[in-house]
Amino acid sequence: MTRSGGDEYDVIVVGAGPVGENVADTVVRGGLSALIVERELVGGECSYWACIPSKALLRPAAALADARRVDGAATAVRGGPNAEQVLARRTAFTHNWSDDSQVGWLDSAGIALVRGSGRLVGERQVEVRTRDGGTRRHTARHAVVLATGSRAIVPEVPGLAEADPWTSRDATSATAVPDNLAILGGGVVGCEMATAFAALGSHVTVIARGSALLPRLEPFAGEAVAAGLRNAGVDVRLGATVTTVDRDAAGVRIEIEDADGTRTIRADEVLVATGRRPATDGLGLDAVGLAPDAPEHVDDSLRVHGVDWLYAAGDVNNRSLLTHQGKYQARAAGAAIVARAAGDVVDLGPWSPYAATADHVAVPQAVFTDPEVGAVGRTEAQAREAGLPVRTVEYDLGQVAGAALYADGYTGRAKLVLDTGRDVILGATFVGTTAAELVHAATIALVGEVPLARLWHAVPSFPTISEVWLRLLEASRSGG
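About the thresholds
- Residues numbered from 1 in each chain as written.
- Predicted model: local features only at pLDDT ≥ 70, side-chain atom pairs only at ≥ 80, totals over all residues.
- Heavy atoms only, no water.
- Helix = DSSP H or I, 4+ residues; strand = E, 2+ residues; numbered from the N terminus.
- Rg over C-alpha atoms; globule rule 2.2 N^0.38 Å.
- Contact = heavy atoms within 4.5 Å.
- Pairing = 2+ DSSP bridges.
- Salt bridge = Lys/Arg side-chain N within 4 Å of Asp/Glu carboxyl O.
- Buried < 20%, exposed > 50% of the residue type's maximum accessible area, 1.4 Å probe, protein only.

Side note on the overall build of the chain
Here is step 1: Counting its regular elements, the chain contains 15 helices and 20 strands.
Here is step 2: For 480 residues, the compact-globule estimate of 2.2 N^0.38 gives 23 Å, and the chain sits close to it at 24 Å.
Here is step 3: Counting only C-alpha atoms and orienting by the principal axes, one finds that the chain spans roughly 65 × 65 × 45 Å.
Here is step 4: Within the chain, residue pairs in contact and separated by at least 24 positions form 62% of the contacts whose partners lie at least 6 positions apart.

In structure tokens form, the structure reads like this:
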């Protein structure tokens, strides 16, 4: 390993979330020294305010729902989740917002840590303003990696910012369950938090501008999730525009306009779930000739165009705002940095170990609503828009023996988007109980560009929900 010398390291990573941790770990394993700069908690958004706590909030309700769907078990279920215990379990998964264990991992991995806000001040130069107000300057021999993630967007709606709205951080770290919760946005965060808080006892209203929930997925996914939320007592309002928001002694008052005219919604809290933006504020990008606030353009090794020593991985580059995809980018970037430091040629061709190729064609996603959604690759509309030769096959998941055994009255749907020229999968979507667990098989088939003729030899175990693969292949052969 190349040793650090004072304030000099081979690689400096700004941001110690999962992306930054993976970059640093990869380069250290490759023989380089690494310093991570972090202004908040080591482990980042995913560990403390996003993926981990949100799934901890969602899981108890899902477990109870699973039991209620099986005769012989349903009678044993009395009441809903215990909100106090659910919040306590969530807090246990965040280690009560302490990063001691993750700092210990950095130490064990040989990765140096400095706490503070890092910014670029010149070529391979990072200045850190530490928590005590001091400054330290560090030099990278080979690369600086920006892994600062993203921040929630608060739309410019009159009165919204002044109403002290929740963002996803507030929702996932809540210490009490509001009686009434309004959620602005019909994407993944909005739908998951509506699912969680409705199960915990809130009366939830979802207000979405678009005509459907989960608009980036296949339409049937959003339709199924909307139906599931309504069945859980959630008021789902589509095609609605928020015109004003204000907070008074009674809570939050939200004025909306929709097809039925103007109306007022009252809530104790309003959660803004209308998207995220790259966290580039204060990074000093202008000091190295880059626009100060814009997401950076990167190649597939995540190297910033025009600055051969600077990399941007994860949400900060705005390619794919998902933790698992950011970690994938981090591994590619780390491998490329190690190779370039050794003077090796870095091949950025598709599926190279140095290229985050999957960002373009094979991004998997799981939505932990009821029903769940698992999807990867292109939707039918996206494939057609790209001018690809497309056909689709669909199947009722409830007709699969494994699904029928898993839950009485199981309902769900599966869809494959196929390239008729190459006879491979372009995209897949699954909706139903535990559907998120089906998506990785589709991801493997898509990344491996496995022809359908070969997939016939991937025999699913009976009786599992995965047998839907056989049914989809049968439907493909029969032309339906």
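Details of the pairing of strand β3 (residues 112-122)
Here is step 1: As paired strands, strand β2 (residues 34-38) and β3 are joined by 4 bridges and run parallel to one another. The residue of β3 that forms the bridge with isoleucine 36 is leucine 113.
Here is step 2: Inspection of the sheet shows β3 paired to strand β4 (residues 125-130) by 6 bridges, in the antiparallel sense. Looking at the pairing, glycine 116 lines up with threonine 130 of β4.
Here is step 3: Hairpin connection of β3 to β4: 2 residues between the antiparallel strands, including arginine 124 at a positive phi of 60°.

Considering the pattern of salt bridges
Here is step 1: One pass over the structure, following the stated rule, counts 33 salt bridges.
Here is step 2: Of the charged contacts, one joins glutamate 40 and arginine 39 as a salt bridge, the two residues approaching to 4.0 Å between their closest N and O atoms.
Here is step 3: Arginine 39 sits in the partly exposed class, given a relative accessible area of 42%.
Here is step 4: Across the pair arginine 471 and glutamate 474 runs a salt bridge whose closest N-O atoms are separated by 3.0 Å. With arginine 471 and glutamate 474 both in helix α15 (residues 468-477) and 3 residues apart, this pair spans about one turn of that helix.
Here is step 5: Note on glutamate 474: relative accessible area 32%, which makes it partly exposed.
Here is step 6: Within the structure, one salt-bridge network assembled from shared partners comprises Arg39, Glu40, Glu45, Arg169 and Arg276.

Digging into unusual backbone geometry
Here is step 1: The peptide bond linking aspartate 370 to proline 371 adopts the cis configuration, its omega dihedral lying at 10°.
Here is step 2: Topologically, proline 371 is positioned in the loop between β16 (364-367) and β17 (372-377).
Here is step 3: Residue proline 463 is bonded to the preceding phenylalanine 462 through a cis peptide linkage, with omega at -5°.
Here is step 4: Considering the arrangement of structural elements, one finds proline 463 in the loop between α14 (452-455) and α15.
Here is step 5: In this structure, histidine 95 is a non-glycine residue whose phi angle is positive, near 55°.
Here is step 6: Inspection of the secondary structure puts histidine 95 in the loop between α4 (83-93) and α5 (100-109).
Here is step 7: Here tryptophan 97, not a glycine, exhibits a phi torsion of approximately 55°, which is positive.
Here is step 8: Turning to its location among the elements, tryptophan 97 is positioned in the loop between α4 and α5.
Here is step 9: Classification of tryptophan 97 as partly exposed rests on a relative accessible area of 22%.

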